[in-house]
Amino acid sequence: MSQAPLFHIDVQISFGHCDAAGIVFYPNYFRWFDRCFHTFLLHRHGGHAAVCKQTGSRGIGLMSADAKFRSPGLDGDLLTVEMGQPVWGKRSLTLPYRGLVGERILIEGEETRGIFAEVDGRLTAAPTDTLRQIIEG
Ligand SMILES: CC(C)(COP(=O)(O)OP(=O)(O)OC[C@H]1O[C@@H](n2cnc3c(N)ncnc32)[C@H](O)[C@@H]1OP(=O)(O)O)[C@@H](O)C(=O)NCCC(=O)NCCSC(=O)c1ccc(O)cc1
């Protein structure tokens, strides 16, 4: 993430987040990316439901999720999940994420999302212009 993060959340890692080897079970990181995005919408833009109403969509849904695991997360670690500036496509947006404990990078990843709308009974990705205006102000 080259620029300053757009938003962040803190997660207290505990025993129940970890696998038999005592390190964070990887799907939890995707949950925390998602939580970071939804908390951003809640704190800055009235929440996911309000944004869906404004964009005429059923959800700001997921088209792709990816991660590189750099260092293990452990019970007791205080994880900061940072979300960077979106990279805008015509009908998609890609959000970069980073998870750190202090200076130690645990994970780097990204989500590609779309504005899911139903057209003629089929789910499609709608243009991102309205969401971009909402997020960039
Ligand atoms: C998303 C779709 C409706 C898009 O269909 P289409 O309208 O035909 O899209 P297109 O293929 O034309 O692509 C549109 C754009 O998206 C981009 N795109 C489409 N698919 C992908 C993938 N897989 N990766 C990256 N980018 C993609 C594509 O490159 C286009 O980009 P632009 O250049 O910005 O225009 C369809 O692919 C689909 O139904 N996919 C399945 C979606 C799904 O099941 N997701 C998981 C469930 S949602 C979910 O889990 C969730 C989690 C967390 C949340 O907070 C919300 C929801």
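Structure's up top.
Note that the coordinates shown come from a computational prediction; the quantities given were computed from them, not determined experimentally.

Colleague: How should I be thinking about the overall build of the protein in this particular structure?
Modeller: Secondary structure summary: the protein contains 3 helices and 7 strands in total. Listing every helix and strand of the protein by position from the N terminus yields β-α-α-β-β-β-β-β-β-α. For 137 residues, the compact-globule estimate of 2.2 N^0.38 gives 14 Å, and the C-alpha radius of gyration of the protein, at 16 Å, lies within 12% of that figure. Across its three principal axes, the protein shows a C-alpha extent of roughly 50 × 30 × 25 Å. The burial tally for the protein puts 23% of its 137 residues in the buried class. Partitioning the intrachain contacts of the protein with sequence separation of at least 6 by distance along the chain shows that 66% fall at a separation of at least 24.

Colleague: Would you take a moment to explain the site of the ligand for this structure?
Modeller: The full set close to the ligand counts 16 residues, and S64, G89, R91, S92 and T124 are the nearest of them. Those elements that provide at least two residues to the shell around the ligand are β2 (59–69), β6 (104–119) and β7 (122–126). Ranked by residue count, the leading element in the shell around the ligand is β2, at 5 residues.

Colleague: Could you clarify how one ought to interpret the pairing of strand β5 (residues 93–101) in this entry?
Modeller: When a strand is regular, its side chains alternate between the sheet's two faces. Where strand β3 (residues 78–83) meets β5, 4 bridges bridge the pair, whose relative direction is antiparallel. Following the sheet pairing, T80 is matched in β5 by L100. Two strands pair when backbone bridges link them, and strand β4 (residues 87–88) and β5 are joined in this way by 2 bridges, in the antiparallel orientation. By the bridge assignment for β5, V87 is matched with T94.

Colleague: Before we go on, may I ask you to explain the packing of helix α2 (residues 48–55) against helix α3 (residues 129–136) in this structure?
Modeller: When two helices pack together, their arrangement is given by the angle between the helix axes and by the axis-to-axis distance. One can describe the packing of α2 onto α3 by two numbers: an axis separation of 9 Å at closest approach and a directional angle of 130 degrees. Classified by the angle their axes make, α2 and α3 are oblique. Crossing handedness for the pair α2 and α3: right-handed. Contact residues: α2 offers V51, Q54 and T55, while α3 offers T130, L131 and I134. Residues belonging to the contact of α2 with α3 are distributed by class as follows: 3 nonpolar, 3 polar and no charged.

Colleague: Which parts of the structure should I look at to understand the packing of helix α1 (residues 27–45) against α2?
Modeller: One can describe the packing of α1 onto α2 by two numbers: an axis separation of 8 Å at closest approach and a directional angle of 75 degrees. Judged by the angle between their axes, α1 and α2 are roughly perpendicular. Residue-level inspection shows H38, L41 and H45 of α1 in contact with α2, the latter providing H48, A50 and V51. Of the residues in the contact of α1 with α2, the class split is 3 nonpolar, 3 polar and no charged.

Colleague: When you look at unusual backbone geometry in this model, what are you seeing that I'm missing?
Modeller: Only a minority of non-glycine residues have a phi that is not negative, and only a minority of peptide bonds are not trans. We note that D120 has phi near 50 degrees; this positive angle belongs to a residue other than glycine. Mapped onto the elements, D120 comes out in the loop between β6 and β7. On the basis of neighbour count, D120 is assigned to the exposed category, with 5 C-beta atoms found within 10 Å.

Reading the values: rules and limits
- Residues numbered from 1 in each chain as written.
- Predicted model: local features only at pLDDT ≥ 70, side-chain atom pairs only at ≥ 80, totals over all residues.
- Helix = DSSP H or I, 4+ residues; strand = E, 2+ residues; numbered from the N terminus.
- Rg over C-alpha atoms; globule rule 2.2 N^0.38 Å.
- Buried ≥ 20, exposed ≤ 12 C-beta atoms within 10 Å, placed from the backbone.
- Contact = placed C-beta atoms within 7 Å.
- Near = placed C-beta within 6 Å.
- Pairing = 2+ DSSP bridges.
- Axes fitted to C-alpha atoms, helices over the stretch in contact; angles between N-to-C directions.
- Parallel < 35°, antiparallel > 145°, perpendicular 65-115°, else oblique.
- Left-handed = near helix turned anticlockwise from the far one by under 90°.
- Nonpolar A, V, L, I, M, F, W, Y, C, P; charged D, E, K, R; others polar.

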